[in-house]
Amino acid sequence: MRRMVFVCAFILGIAAEISAQTVTIDELSAPTTPAFILLEVSPTAIERPESGKAFILNLVNKLSSSEGIPRDYALEITPFWMFPNQTLSFDEYQHAKVLQTIAQTLRISVATAPIPGLTKEADPLGTKLAIGFNTKIFNGQPNPTMVASLADLYAKNAMLLTQDRELEAPEERLETLDNERRNVTADSRRAELITLVAGAERDVARKKSEIDKTEAAITSASLRIQALDAQRIGFFMTVAAGQVWDFPGDNTENAAAKRWGAWITPAYRKLRCAKACEASFDFIGVARVLKDPDTSSIVDVGGRLVWHPTKQFNASFELLRRKAPDATGASAESADDSNRTVGLLEYRIKEDLILYGTFGQDFQKATGAKPLVTLLGMNFGFGQKASVTR
């Protein structure tokens, strides 16, 4: 869905000053593409080959068209899904064990970027290369409504097969009557056949209309199952890591290890299933370590609790703890460890209109100040929902 978002925000205290510097739970969660995060790039084009053959061809073409290591290159692959998995059933996919889960969810990201020259106009000094991975060790359990949704899909598929079979007889009858109409010589019989053909055409059109409705219902049921697959419950554990290397002069002999990072994100989701299954409780934990050469590590840990008493309203609370780098670290902002504690209330007035408010305290600054985070806003969404065409 294309959406335009307008935010009306009223910022109190010095929230405006810290908005560009603050770190949230979402930013600390294990990234899908850690290579891009560590390299601090946002590629406009990412190669995502869907088969092993496509991957090899893509890599060979890129290497042959580049002088040395490719620059400004971004690649993301999911090895498990690049090869046929004809023996994998949907039930096995949904209830995968640990090793199978790791294989199914493993993503590998690769990115390159030029090493900036001494000035803006100067030629790059070489190439940076980042490689990272993201995978789930535990992927929860299927949504409680998945079994019923699958049964509904199977029933609709069976209905479609029945309707296809039921269409054969009316189509054969129409063809027979139409052939007879074309060859008949008696006017009285021709008039009778014209009436019969018109009736047969209506029967065929009605059957085809029923088939169209069933196919639309199957598409809707399939999309629901796809959405439910992303709304699993229970315990989750996602891990990610990555490393950056510099290649001055694009010479592999000059390779130097630079920034690295590691993330671990445990989470738990519980659903309340009364009339419908809706999220009633979510927990997400985060732990992130970033390390640059010649500086101490930046360590962030924390978590968020989200409560959904109704579909329209949710309240959340998050706490982050930052281990301050050494005073000599290039990225140091504070001499002491500090916390970020924030509460958030959100109310969905309409599907495309959300009112939200945030209040709390941000990380301590180098001056010792503990900034206040206060934000009241409204999110307007404009645009039509995505439609699926066959």
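Up top is the structure these notes are about.
Since the structure is predicted, the reported quantities are computational estimates derived from the model, not experimental observations.

Things to note about the overall build of the protein
Next, step 1: Scanning the protein from N- to C-terminus turns up eight helices and 13 strands.
Next, step 2: Scored against the burial criterion, the 390 residues of the protein give a buried share of 35%.
Next, step 3: Considering only contacts within the protein whose residues lie at least 6 apart along the sequence, 63% involve residues at least 24 apart.
Next, step 4: Roughly 23600 Å² of accessible area belongs to the protein as shown, and the carbon and sulfur atoms make up 57% of that amount.

Describing the pattern of salt bridges
Next, step 1: Using the criterion set out here, one finds 18 salt bridges in the structure.
Next, step 2: The partner of Glu318 in a salt bridge is Arg340, and the shortest N-O contact between them spans 2.6 Å. One end of the pair, Glu318, is in strand β10 (residues 313-323); the other, Arg340, is in strand β11 (residues 338-350), with 22 residues separating them in the sequence. Residue Glu318 shares its accessibility class with Arg340, and that shared class is buried.
Next, step 3: One salt bridge in this structure joins Asp362 and Arg340, with 3.3 Å as the shortest N-O distance. One end of the pair, Asp362, is in the loop between β12 (353-361) and β13 (372-382); the other, Arg340, is in strand β11, and 22 residues separate them in sequence. Take Asp362 and Arg340: they sit in the same class, and that class is buried.
Next, step 4: In the salt-bridge network here, residues are joined through shared partners; they are Arg304, Glu318, Arg340 and Asp362.

Here's the deal with the pairing of β11
Next, step 1: Note: β10 against β11, ten bridges, orientation antiparallel. Residue Ser316 lies in a different strand from β11, and its bridge partner there is Leu344.
Next, step 2: Examined bridge by bridge, β11 and β12 share nine bridges and lie antiparallel to one another. Residue pairing for β12: Tyr347 is matched across the bridge by Leu355.
Next, step 3: The turn linking β11 back onto β12 is made up of two residues.

Considering a nonpolar patch on the surface
Next, step 1: The grouping of Val98, Phe138, Phe235, Tyr268, Phe281, Phe283 and Leu305 at the surface amounts to a nonpolar patch, some 580 Å² of accessible area in total.
Next, step 2: The topology assignment puts Phe281 in strand β8 (residues 277-291).

Structural notes on the packing of aromatic side chains
One pair of aromatic rings is described through two measures. These are the centre distance and the angle between the planes.
Next, step 1: Applying the stated rule across the entire model yields four aromatic pairs.
Next, step 2: Seen from their ring centres, Phe90 and Tyr93 are 6.0 Å apart, and the 45° between their planes marks the pair as tilted. Taken together, the positions of Phe90 and Tyr93, both in helix α5 (residues 90-94) and three residues apart, correspond to about one turn of that helix.
Next, step 3: Residue class for Phe90 comes out partly exposed when judged on its relative accessible area of 33%.
Next, step 4: Note on Phe138 and Phe235: the rings are 5.7 Å apart at their centroids and 50° apart in plane angle, and the pair reads as tilted. One end of the pair, Phe138, is in strand β5 (residues 126-141); the other, Phe235, is in strand β6 (residues 233-248), with 97 residues separating them in the sequence.

Structural notes on the packing of helix α7 (residues 146-183) against helix α8 (residues 187-229)
Next, step 1: Between α7 and α8, the shortest axis-to-axis distance is 8 Å and the interhelical angle comes to 165°. Relative to α8, the element α7 lies roughly antiparallel. At the point where α7 passes α8, the crossing takes the left-handed sense.

Notes on the environment of Glu201
Next, step 1: Among the structural elements, Glu201 can be located in helix α8.
Next, step 2: With a relative accessible area of 45%, Glu201 lands in the partly exposed category.
Next, step 3: For the pair formed by Glu201 and Asp178, sequence separation is 23 residues and the distance between their alpha carbons is 9.8 Å.

A short note on the nonpolar core
Next, step 1: Counting 17 residues, the largest nonpolar core has Met146, Leu153, Leu174, Leu177 and Ile225 as the members making the most contacts within it.
Next, step 2: Of all elements in the fold, only α7 and α8 reach the threshold of two or more residues within this core.
Next, step 3: The residues contacting Leu153, other than those within four sequence positions of it, are Ile218, Ala221, Ser222 and Ile225.
Next, step 4: By size, the runner-up hydrophobic cluster in this structure holds 13 residues, among which are Ala130, Ala240, Val244 and Trp263.

Reading the values: rules and limits
- Residues numbered from 1 in each chain as written.
- Predicted model: local features only at pLDDT ≥ 70, side-chain atom pairs only at ≥ 80, totals over all residues.
- Heavy atoms only, no water.
- Helix = DSSP H or I, 4+ residues; strand = E, 2+ residues; numbered from the N terminus.
- Buried < 20%, exposed > 50% of the residue type's maximum accessible area, 1.4 Å probe, protein only.
- Contact = heavy atoms within 4.5 Å.
- Areas by Shrake-Rupley, 256 points an atom, 1.4 Å probe, with all protein chains shown as cover.
- Salt bridge = Lys/Arg side-chain N within 4 Å of Asp/Glu carboxyl O.
- Pairing = 2+ DSSP bridges.
- Patch = residues over 30% accessible without salt bridge, like charges linked within 9 Å, V, L, I, M, F, W, Y side chains within 5 Å.
- Phe/Tyr/Trp six-rings, centres within 6.5 Å; stacked < 30°, edge-to-face > 60°.
- Axes fitted to C-alpha atoms, helices over the stretch in contact; angles between N-to-C directions.
- Parallel < 35°, antiparallel > 145°, perpendicular 65-115°, else oblique.
- Left-handed = near helix turned anticlockwise from the far one by under 90°.
- Core = buried A, V, L, I, M, F, W, Y, C linked by side-chain atoms within 4.5 Å.

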